[in-house]
Amino acid sequence: MNGSASDSASLLQSKGVLNAGKDDELDITGYRRDGLKTFLFYVLAVLSLGILLLVVYWKPELECQLKCKECALYNADVILVKDKFDQQIGVVDVKLITTTEEKYDVSVSYQEADGAGDPQTDIGDRDTLISSSRVDGKMRCFDYQHYRYIWDTQRRAFKELEDLSTNTTNKTILDSSQGLTQDQRNSRLIVYGLNAIDIEVKSYWKLLIEEVLTPFYIFQIASVVLWLFDEYYYYAGCILVVSGGSIALSLYETKKQRITLRNMMATDDTNILVADGADGFIEIPERELVPGDVIAVPANGCVMTCDAVLITGTCIVNESMLTGESVPVTKTPLTHQEDGELYSPEIHKRHTLFSGTHVVQTRYYGNSKVLAVVVRTGYCTAKGELVCAILYPKPLDFKFYRDSVKFILFLAVMASLGMVYSLIMYIRNGAPVDQMIKRLLDIVTIIVPPALPAAMTVGTVYAQSRLKKEGIFCISPPRINFCGRINAFCFDKTGTLTEDGLDMWGVVPVADKHFHEVQHDPSKLDRGALLICLASCHSLTIINGELSGDPLDLIMFNAIKWHLEEPGQDTSKYDTIMPTVVRPYSRDTFLGEEEKLITSDELFENALAGKWDQHPFEVGIIRQFTFSSAVQRMSVITRTIGQDHMEVYCKGAPEKIASLCLQETLPHNFNHILHKYTVQGFRVIALAYRKLDAKITWHQVQRIARDKMECDLEFLGLLVMQNQLKPQTTPVIHTLQKANIRTVMITGDMIQTAVSVARNCGMVRPNDKVIIVNGHPPDKENPAARIEWELAEAAEDPELVDEEESSANDEGYQSIKMLEYEPRTHLAVTGRAFSVVTNHFPELLPKVCILGTVFARMAPDQKCALIENLQEYGYIVGMCGDGANDCEALKAAHAGISLSEAEASVAAPFTSRVNNIECVVTAMREGRCALVTSFGCFKYMALYSFIQFISVLILYTFQTNLSDLEFLYVDLIITTTIAVLLGNTGAYEKLVRNKPPDSLVKMSNILSILMQVAITAAFQLGILFYLMEQPFYKNDLEPLKETDTWESTIIFLSSSFMYIAVAISFSKGPPFRRPIYTNVPFLIAIIILYSLSAFMLLAPQEPIEHFMDMKPLHTIDFTFRLTIFCISSAFLVVSGLMEWLFVDSGLMKCLYRALERKQKSRYKVIQDTIVAEEWPPVGQTLLASANSDEFAVNMNNSEH
């Protein structure tokens, strides 16, 4: 009974959570339309003259509450969707879909469809609940942001529609090779929709409606209507023209961006062969593909429009659209050895063809087709997920934007006070009611300037333009401001800090369990297993006549001077199948004394005839196990002509290969030699092989499990490669350290190599101490996880590097002197140790992340986790990588920069064509400049409002106001010109230690604005009192109209200088922006505007006075005009001094620090704890207790 009550309660719930615990977590509420409430809603809409419709357009949740009744989710026909940030809110209709697919029939639960029903649920109760959620046998669902959510009758909740990438075993995928029937395909097409990423490009009319209905433009429309009623026709007309131009530009840019994105993501509408059940293959449009379809990948290549898993054949794929890395990748078919695993696009990516990637070549045997099973379509694909991330970006929680909203509310409060004051003045003076209403509403348009939001983005727009000129492209402009606050920057190593290409340093052969002398020219190696390993253990392929593949493989293969030949049409003569052949280039390297090269056909005829003595030295690559970061190795199975057995050749991470080798084949000093090379920064790859039994056939090799092949290996030696630092790396790291920005290396390379590179580039200074963190997860022998702290060696071993090589190294590694710094302690953490700490020592994770400088052997998900941890501890984190394994981390960082040739890549918010880390400094300088510019523009717009606010309050006291054209001159000629050009000042060329403020409500900013407002009021009142003492003022006649007064004329002219003065005061130069004189357009505008205002004051012309509705100033004594000019010019000096005193002076900065007891960032608290505890405990071993909440300390007798 309790279970039944619980089930009923869950069924009746009106609220739910989708994607719980993820970034895209959504809160949903069910509503059902109510006829009476809907009728009343439209009555209220008519009575409110449409204002209610506008309000519900801005607040969709109000529409649900006013027109619908909240109800149980299973019975809802409208769903209110909110993201966890409460910033994206949508109202969507529930659809009812008819499908014949059993798995998606509401009468059958998902577990029942898969044969896994819940035995604890009472059948009768469940049937009742299921029948209650059924609507004529149709599936209940809704779509939100291109994802479909369906009603799960088993869980009694909405859930995201699953495809074959979720809860599907590899066996299920492999067993579906016959594909779908047409009826199954049609049914699934209804459920999943078209396989298309159609980015809507809205019409200009629709965009116009959406743009005009924003609060910004509604406020402008209301203001224009008010000005028209107040007979400010010129001003209203000009604002309409300017706003119209602004809207037109905004619509053009919005549509252009959408068209660019659509074109970037668009694919041609083509047909593709799909398996049609047991009836062979049929051709259908790619847009009609559904999960479960089996496609034949075209032999001449294609651009994938879905995510599909290879089940036969291999493909060479270019994934640059997704990863930013254009190195061809080999995709191999899923095997039955992985039957028991659940399919995952991330874990099994080496078998997965992702949407948007370009299949360059396919390979299979004879006329057989390369087949793949479709697992995801449309927006659910990897490409679709990236497009959704662009269309619906995660809200950026930046303090500057939050504070700007607070400040606008403060301006609204000030407007209210001004309205009260004006109302009192007008009532006291007996003004007409209509005039009072117009003046009170006018105050709102003055104190809250409509152009404020646009002015705040000026700095970002200019910064984005300058970044583009520097070869850095940004697809998320708000992140530019984040660049200005970065205090920790993470770097990938290979291709980012170091050169893309590796240099061959040499091969260290092993024979009789001993390392032999280094062979710097591998082509001179004796013909044997080591040479064949170098020749065959790679994933190289020929594309358009050129050898392509991983840079390391290319260098290794080219160093031995061999030739690679891929199969032609006839591939059936080499033990049934021969995929690829490698052989030496020169004729004298062949066995025997042939006078000419033997052709492939002659070769196989001889081989089949048993003439083994009449053949060249050639190696056929029978099967390839591609490199995987999860297993840190790759291997191939080969057959050498003339031999009756096959061989396995394997290369990969030395520690991983060593664990797969027979211990009797490993040299006794293996670890010592490996350490000597890696500690100098060399890239070291271990090589091994194994002879297979002669009885093993080709067919058996194709089916055998990888782990059965990669075992009991014989160690062959080490491949040693140099990975030179890019010449720009060391200076950039030095620049970042001088600017007090923490630098971190995150790499997949060996830890000793990474530490060496960190020392060479200056990330770890010469006198700093590095402690290597070794983590050991629980195993049979040691049931408790443990952490060991080992002091790393700092000195290089001169034995391994001769003088010539050493000098070559020095050219790449520029040394810098930093001994003036106090020595620091750095942690070097392996991916394994990071995992152990995360899972078994969570209390140590903050310390490890804060003190860690080198993170090696990190998997892509670990890189992302580290970035997120640093963010959690209060860092503003940047990340720079070259794509591929860095994609997740680049997206997780506040500012991710991908080094890529592409103009714009979806792999990261920033893409740099400059293939070195100088782009990091450029982005940070521009970010700081943009942030300071945004502050300056915001403060300027606030002061512009306050100056005009003070002016009109003074004038309202005398029942007068500025004229139509005077308002136009101030708002359009002065303010708009300044607001547009203020942000054009470029970024300062140096990156300094100080960072720009991130908050508008800091005491320095508040005092700055308040003091500027105070001196503005003082100067305007001073000028007013000086005017009132003049004889011509006392003898003046009653004005003919409201604006025809001396107060209006003099306040207008004197305030026009103030708008210019505060612009100069807020135009900050160094240390974040260049000096003001470098912004030539702004400087010219300031000079022209100041001269124009001075001309109207000092040399007034009667036609101008008449046009501007000014009093006859030309009839007044020049001394009075000169005095007004001097007072107004003095405001410029006082304003500048006040800004320097309250914002830039050292004395006030000390005072602010004393008064603003700012709470320490979490990472600073952790740093203090580390210092106080003298952590880490070098030479000790920490053992995790059984519950992982406590750990024990085991003191080791370590020489460290």
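Identification of the chain as Cation-transporting ATPase from Littorina saxatilis is taken from an unreviewed UniProt entry. Under the UniProt heading Sequence similarities (unreviewed entry), the entry covering the chain gives this text: "Belongs to the cation transport ATPase (P-type) (TC 3.A.3) family. Type V subfamily." Listed in UniProt under the heading Subcellular location (unreviewed entry), the comment for the chain reads: "Late endosome membrane".

Engineer: Go over the packing of aromatic side chains, please, and point to the residues and values.
Structural biologist: Counted by the stated rule, this structure contains 28 aromatic pairs. Both rings, one in Phe41 and one in Tyr42, keep their centres 5.2 Å apart while their planes meet at 80 degrees; by these two values the pair is edge-to-face. Under the relative-accessibility criterion, Phe41 is labelled buried at 3%. A ring pair is formed by Phe1019 and Phe1131, whose centres lie 5.4 Å apart and whose planes are at 80 degrees; its orientation type is edge-to-face. Here Phe1131 lies in helix α41 (residues 1118-1144) and Phe1019 lies in helix α36 (residues 1003-1028), a separation of 112 residues in the sequence. Each of the two residues, Phe1019 as well as Phe1131, counts as buried. One aromatic cluster in this structure is built from Tyr74, Phe142, Tyr149, Trp151 and Phe158. In this arrangement the basic side chain of Lys369 is found over the ring face of Phe281, its NZ or CZ atom lying 5.0 Å from the centre. For Arg527, the ring lying beneath its charged end belongs to Phe617, and the centroid distance is 4.5 Å.

Engineer: Tell me about the sheet that holds strand β8 (residues 147-152), and name the residues and values.
Structural biologist: Pairing is antiparallel across the open sheet formed by four strands, whose spatial order is β6-β7-β8-β9. Since the sheet does not close on itself, it has two edges, and those belong to β6 (95-97) and β9 (157-160), each with one partner. Neighbour to neighbour, the strand axes of the sheet diverge by 40 degrees on average, direction disregarded.

Engineer: So what's going on with the pattern of salt bridges? Residues and values would help.
Structural biologist: In the structure shown here, the tally under the stated rule is 36 salt bridges. Across the pair Lys67 and Glu63 runs a salt bridge whose closest N-O atoms are separated by 3.1 Å. Pair noted here: Lys67 and Glu63 are both in helix α4 (residues 60-67), with a separation of four residues, about one helical turn. Ionic pairing is found between Lys1160 and Asp1168, a salt bridge with its closest N-O pair at 2.4 Å. Looking at Lys1160, the relative accessible area reads 47%, which means it is partly exposed.

Engineer: Please give an account of α41 that cites residues and values.
Structural biologist: The first and last C-alpha atoms of α41 sit 38 Å apart over 27 residues, in line with the 39 Å expected at 1.5 Å per residue. The set of residues buried in α41 consists of Phe1120, Arg1121, Ile1124, Phe1125, Ser1128, Ser1129, Phe1131, Ser1135, Glu1139, Phe1142 and Val1143. Considering only its buried residues, α41 is in contact with α34 (918-957), α36, α37 (1031-1034), α38 (1046-1065), α39 (1080-1098) and α42 (1146-1155).

Engineer: Now, about the packing of helix α9 (residues 204-212) against helix α11 (residues 233-265): what can you tell me, with residues and values included?
Structural biologist: The contact between α9 and α11 brings their axes to 10 Å, and the two run at 120 degrees. Taken as axis vectors, α9 and α11 run oblique relative to one another. Helix-helix and strand crossings are classified by hand; for α9 and α11 the assignment is right-handed. Each of Tyr204, Leu207, Leu208, Glu211 and Val212 in α9 lies in contact with α11, whose residues at this interface are Ile247, Ser250, Leu251, Tyr252, Thr254 and Lys255.

Quick notes on the rules
Residues numbered from 1 in each chain as written. Predicted model: local features only at pLDDT ≥ 70, side-chain atom pairs only at ≥ 80, totals over all residues. Heavy atoms only, no water. UniProt positions renumbered as here; feature names shortened; annotations may be inferred. Phe/Tyr/Trp six-rings, centres within 6.5 Å; stacked < 30°, edge-to-face > 60°. Buried < 20%, exposed > 50% of the residue type's maximum accessible area, 1.4 Å probe, protein only. Helix = DSSP H or I, 4+ residues; strand = E, 2+ residues; numbered from the N terminus. Lys NZ or Arg CZ within 6 Å of the ring centre and 35° of its normal. Pairing = 2+ DSSP bridges. Axes fitted to C-alpha atoms, helices over the stretch in contact; angles between N-to-C directions. Salt bridge = Lys/Arg side-chain N within 4 Å of Asp/Glu carboxyl O. Expected span 1.5 Å × (residues − 1). Contact = heavy atoms within 4.5 Å. Parallel < 35°, antiparallel > 145°, perpendicular 65-115°, else oblique. Left-handed = near helix turned anticlockwise from the far one by under 90°.

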